[in-house]
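Summary of structural features
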Amino acid sequence: MARIVALINQKGGVGKTTTAVNLAYALVERGKRVLLCDFDPQGNATSGVGVDQRSLETSIYDLIIADEPDPKAAVIHTKWMDLLGSNTDLSGAEIDLIGLPTREYRLKRVLDPLRSEYDFIIIDCPPSLGILTLECLCAADSFLVPLQTEYYALEGLSQLMATVRTVQKRLNRSIRIEGILLTMYDGRTNLAAQVVEEVKKHFGDRVYRTAIPRNVRLSEAPSHGMPITAYDKLCRGAQAYSAVADEFLEKNGGK
């Protein structure tokens, strides 16, 4: 049965989608069955694995809105991993979901039937704390926070954890934190070191030992529709995500 992991941060541009795509593929390289669920209206994870958003016959939006969704038929078998794709249709979902019953569990209803097919389902969440992110938190077993090593990131992390505590009390009691992954790390700056120290003080061993460095090749890979270890496996970004995948499996009992 798959563990469903939501990658969440309400701040954009922190490496969330980059992490979703590259962690998913690094797990595939380790022999795991992985489904990437793009739940961001921007659809960057979809294009990041080489799928044209405009070509989607059934998007994740179609599935959560449908009365009787068929998620297995909507899965796209890409060269890198399996995918439930997203496009801009999802941007209107918050309004469409208002009148639907048990609206917080529409994504869970889509993903649960797929659990038996995979070892891990990775959800790329939208950069917000709205209803779409609540959908992700209600569907997931755990959540992973990509955190940029800058001052304002700590403020946003506090707000995010408050939202998660509310979800735990009211909607999904079993969700737990998978970890904090430090991204865009530049060890030459004092600020980065201070942020790392502060995060570790509050979250201890939940902070991944591996930090993702700033790396040009990581920025280039999505434009080619490729995960970083397929695009340039020798670059620092690829080596970092490979190490993250090993840590991830270690935290999950080597599953």
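Below is a summary of the structure that appears in this document. (Residues numbered from 1 in each chain as written. Predicted model: local features only at pLDDT ≥ 70, side-chain atom pairs only at ≥ 80, totals over all residues. Heavy atoms only, no water.)

This part is about unusual backbone geometry. The bulk of non-glycine residues show a negative phi, and the bulk of peptide bonds are trans. One non-glycine residue with positive phi stands out, namely Thr102, at about 40°. With respect to the helices and strands, Thr102 occurs in the loop between α5 (93-96) and α6 (106-111). (Helix = DSSP H or I, 4+ residues; strand = E, 2+ residues; numbered from the N terminus.)

Quick look at a nonpolar patch on the surface now. A grouping of Tyr151, Tyr152 and Leu191 is seen on the molecular surface, where their side chains present a nonpolar patch of about 360 Å² in accessible area. With respect to the helices, strands and loops of the structure, Leu191 is situated in helix α9 (residues 190-203). In this structure Leu191 comes out as partly exposed when scored by relative accessible area, which is 38%. (Patch = residues over 30% accessible without salt bridge, like charges linked within 9 Å, V, L, I, M, F, W, Y side chains within 5 Å. Areas by Shrake-Rupley, 256 points an atom, 1.4 Å probe, with all protein chains shown as cover. Salt bridge = Lys/Arg side-chain N within 4 Å of Asp/Glu carboxyl O. Buried < 20%, exposed > 50% of the residue type's maximum accessible area, 1.4 Å probe, protein only.)

The sheet built from seven strands is open, its strands ordered β3-β4-β2-β5-β1-β6-β7 with mixed pairing. Only two strands of the sheet have a single partner each, and these edge strands are β3 (76-77) and β7 (176-183). As judged from the two bridges shared by β3 and strand β4 (residues 82-84), these two strands associate in the antiparallel manner. Looking at the pairing, His77 lines up with Asp82 of β4. (Pairing = 2+ DSSP bridges.)

Below, the discussion takes up the packing of aromatic side chains. Each aromatic ring pair is characterised by the separation of its centres together with the angle its planes make. For the structure shown, the criterion picks out two aromatic pairs. Taking 5.5 Å as the distance between ring centres and 85° as the angle between the ring planes, the aromatic pair formed by Tyr25 and Trp80 counts as edge-to-face. Residue Tyr25 is found in helix α1 (residues 16-29), and its partner Trp80 is found in the loop between β3 and β4; the two are separated by 55 residues along the sequence. Of the two residues examined, Tyr25 and Trp80, each falls in the buried class. Relative to Phe248, the ring of Phe120 has its centre 5.1 Å away and its plane inclined at 65°; by these criteria the two rings are edge-to-face. Residue Phe120 is located in strand β5 (residues 120-124), and its partner Phe248 is located in helix α12 (residues 236-251); the two are separated by 128 residues in the primary sequence. Like Phe120, the residue Phe248 is buried in the burial classification. Lying across the ring of Tyr208, Lys251 places its NZ or CZ 4.9 Å from the centre. (Phe/Tyr/Trp six-rings, centres within 6.5 Å; stacked < 30°, edge-to-face > 60°. Lys NZ or Arg CZ within 6 Å of the ring centre and 35° of its normal.)

We now examine the packing of α1 against α12. Relative orientation of the contacting elements α1 and α12 amounts to 70°, with a least axis distance of 9 Å. One finds that α1 runs roughly perpendicular with respect to α12. On the side of α1, the interface is formed by Thr18, Thr19, Asn22, Leu23, Ala26 and Leu27, while α12 contributes Tyr241, Val244, Ala245, Phe248 and Leu249. For the contact of α1 with α12, the class distribution of residues is eight nonpolar, three polar and no charged. (Axes fitted to C-alpha atoms, helices over the stretch in contact; angles between N-to-C directions. Parallel < 35°, antiparallel > 145°, perpendicular 65-115°, else oblique. Contact = heavy atoms within 4.5 Å. Nonpolar A, V, L, I, M, F, W, Y, C, P; charged D, E, K, R; others polar.)

Two elements in contact, helix α8 (residues 151-170) and α9, have axes whose closest approach is 9 Å; the angle formed by their N-to-C orientations is 25°. Here α9 runs roughly parallel to α8, going by the angle between their axes. Seen along the crossing, α8 lies across α9 with a hand that is right-handed. Contacts from Tyr151, Leu154, Leu157 and Met161 in α8 reach Leu191, Val195, Glu198, Val199 and Phe203 in α9. Tallied by class, residues from the contact of α8 with α9 come to eight nonpolar, no polar and one charged. (Left-handed = near helix turned anticlockwise from the far one by under 90°.)

Next up on the list: the pattern of salt bridges. For the coordinates displayed, the defined rule picks out 17 salt bridges. Glu250 is the partner of Arg209 in a salt bridge, and the nearest nitrogen-oxygen pair spans 3.3 Å. Taken together, the positions of Arg209 in the loop between α9 and α10 (216-220) and Glu250 in helix α12 put the pair 41 residues apart, joining distant regions of the chain. With respect to burial, Arg209 and Glu250 carry one shared label: exposed. Several salt bridges converge on common partners, so that one network encompasses Lys108, Asp112, Arg115 and Asp141.

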